[in-house]
Amino acid sequence: SHFLICQVFVNAVALWQQLCVAFDLWHCSVEVIRLGLSWLIDWDCEMYDEETDTPPKARTTTLNEELGQIQYIFSDKTGTLTQNVMTFHMCSVGGNCLYGGTPNAPTLTDSLQTMKLDQESKRIDFSSNEYADKNFEFYDQSLLDDCRTNKEVTDFFRLIALCHTVMPEKDGTTKRPLYQAQSPDEGALVSAAANFGIVFTERSPSVVRLNVHGKEESYQVLCILDFDNVRKRMSVVVKGPSPDDRIQLLCKGADNMVFERLAGGQDDKKQKNSRTLEVVWYRRSSNIVSGIKRSD
């Protein structure tokens, strides 16, 4: 009887080993199939965008399975299925000057400096910036000049380069990172900041690194408050850069939400920025208002 029990036990172990091996082979076969199907997505010529020279990229081997589970697609009137192109056209820093635009754009008057661009306005040459996007177009040279000499303008682009959820990827052909953004406006803003010399280069769960006019800066990320339909703004709390290491609250979002949270005694600046927004609305462009609060 003991012999029979031992024989049954041996047979059971052998059967279990065979089943485990079979299961492992089945699992490996499924993974190989998933990988092959993801390659078919990467090689699909019909999904290649000639204008931006962007091929499709399956970032997970289960993408086919996830797409197969989609039953409904919801889209607003602008839609993510249509061409939703965001570009950086103009900005106002401190409410004192409106930079940018394209030839024959509307101008501001009164106490704000006017922006006058005509058909002879030259596109800014960013060739000296190794991080610049060759497809980026901007026609107001004064913004590039002030970005190098005006601390307030530099801080504006520094905020843009820090307050976002963009992920940078290394490109083997150029030094410029490839930015993967959840929304086109974030990608456009971060890319614009890079063209003006404030480059977002690296992100980890707790650290964000910038290259500011050739100087490396490292910021510790203390908290991220994502944009949603209730807050209508995004906020990031960072500490740095060294040796200052001040804690800063960076915020960007809808103009009414940011204006409500301005510190006292800034009615004049709020009024100037409101007039700037009128020009943006006149051009039917989307807008974002940003601000910084630093610790004492």
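Reference entry: report on the structure contained in this document. Here the structure is a predicted model, which is why all the values come from computation and not from measurement.

Focus: helix α5 (residues 184–195)
Relative to the 16 Å expected for 12 residues at 1.5 Å per residue, α5 spans 17 Å between its end C-alpha atoms, a close match to the ideal helical length. By the criterion of burial, α5 is predominantly enclosed, with 10 of the 12 residues buried. Every buried residue of α5 is accounted for by E186, G187, A188, L189, V190, S191, A192, A193, A194 and N195. Looking at the buried positions of α5, the neighbouring elements they touch are α4 (151–162), β4 (178–180), β5 (198–203), β8 (233–239) and β9 (247–253). Among the residues trailing α5, G197 stands out with phi positive, at a value near 100°.

Some details on unusual backbone geometry
For the peptide bond that leads from G240 to P241, omega is -5°, which places it in the cis range. Relative to the elements of secondary structure, P241 occurs in the loop between β8 and β9. Positive phi outside glycine occurs at H213, with the angle close to 50°. Inspection of the secondary structure assignment puts H213 in the loop between β6 (207–212) and β7 (215–225). Accessibility expressed as a relative area gives 40% for H213, which makes it partly exposed. You will see that K232, though not glycine, has its phi angle at about 55°, which is positive.

Conventions we followed
- Residues numbered from 1 in each chain as written.
- Predicted model: local features only at pLDDT ≥ 70, side-chain atom pairs only at ≥ 80, totals over all residues.
- Heavy atoms only, no water.
- Helix = DSSP H or I, 4+ residues; strand = E, 2+ residues; numbered from the N terminus.
- Expected span 1.5 Å × (residues − 1).
- Buried < 20%, exposed > 50% of the residue type's maximum accessible area, 1.4 Å probe, protein only.
- Contact = heavy atoms within 4.5 Å.

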